[in-house]
Amino acid sequence: MRISNFLLTTSLLMGLSSLSMVAQAADNAISLTSRAQLEVEVVGKDGKKTLQRTPVEKAVPASEVIYTTTFQNRIDKPVGHIVINNPIPNNSEYQADSAFGKDCEILFSVDGGKSFATVAQLKVKGDDGKERMALPGDYTHIRWIYLGQLMAGQSGEVGFRTAIK
């Protein structure tokens, strides 16, 4: 059990290092920072329960991991046409309706990031060989297209949740 937890944690961290490595914008205009977190319930001194996010150190099957990418404009003029692609990490499944990103169009891929579409447009072949609507477990990548201009020094966040298989 310890070895499998170690391998799962290692693969999660390796998956995180590959996240958000693709951002399209003007050369060196956008910096990206990614993090993987778990939500844990914390009881305060007053007995009140709150949810707090902590960095992933260990994740076991059924754990929900929140992946967040911060993007920041590093140059002294506005930047547009920002596109961020993230793979869904191996051994995990995208959680339906969890992708977020203010002022972003959010698209998904079911073919390893070769093409992207809205949820309503995604189709895959089922076990019976017939085409069907894609399910969240079929998604392989997420793409955010930032709508508008990101001003000098400004930043934004995009992200999603997965469940460890």
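Our subject is the structure that appears above.
Residues numbered from 1 in each chain as written. Predicted model: local features only at pLDDT ≥ 70, side-chain atom pairs only at ≥ 80, totals over all residues. Heavy atoms only, no water.

Trainee: Describe in detail the overall build of the chain, supporting the description with residues and values.
Mentor: Looking only at helices and strands, one finds 1 helix and 12 strands in the chain. Listing the helices and strands of the chain from first to last along the sequence gives α-β-β-β-β-β-β-β-β-β-β-β-β. The buried share of the chain, taken over its 165 residues, is 38%. A separation threshold of at least 6 residues defines the contact pool for the chain, and within that pool the share at least 24 residues apart is 75%. Accessible surface, the chain as shown: approximately 10000 Å² in total, 52% of it carbon and sulfur. (Helix = DSSP H or I, 4+ residues; strand = E, 2+ residues; numbered from the N terminus. Buried < 20%, exposed > 50% of the residue type's maximum accessible area, 1.4 Å probe, protein only. Contact = heavy atoms within 4.5 Å. Areas by Shrake-Rupley, 256 points an atom, 1.4 Å probe, with all protein chains shown as cover.)

Trainee: Give a description of the packing of aromatic side chains that names residues and reports values.
Mentor: To describe a pair of aromatic rings, one takes the distance between the centres and the angle between the planes. Throughout the structure, instances matching the rule amount to 6 aromatic pairs. Aromatic pair Y94 and Y139: ring centres 5.4 Å apart, planes at 35°, arrangement tilted. With Y94 in strand β6 (residues 92-94) and Y139 in the loop between β10 (131-133) and β11 (141-146), the pair connects residues that are 45 residues apart, well separated along the chain. Taken individually, Y94 and Y139 each receive the classification buried, so the pair is uniform in this respect. (Phe/Tyr/Trp six-rings, centres within 6.5 Å; stacked < 30°, edge-to-face > 60°.)

Trainee: Account for the nonpolar core, with residues named and values stated.
Mentor: Taken as a class, soluble globular proteins show a tendency for nonpolar side chains to be buried jointly. Residues V65, F71, I82, Y94 and F160 are the most contacted members of the largest nonpolar core, which totals 29 residues. For this core, the secondary structure elements donating two or more residues are β2 (30-43), β4 (64-73), β5 (82-87), β8 (104-109), β11 and β12 (155-164). (Core = buried A, V, L, I, M, F, W, Y, C linked by side-chain atoms within 4.5 Å.)

Trainee: Give a detailed account of the pairing of β5, specifying residues and quantitative values.
Mentor: By the criterion of burial, β5 is predominantly enclosed, with 5 of the 6 residues buried. Judged from the 6 bridges that link them, β5 and β11 form a sheet pairing that is antiparallel. Following the sheet pairing, I84 is matched in β11 by W144. (Pairing = 2+ DSSP bridges.)

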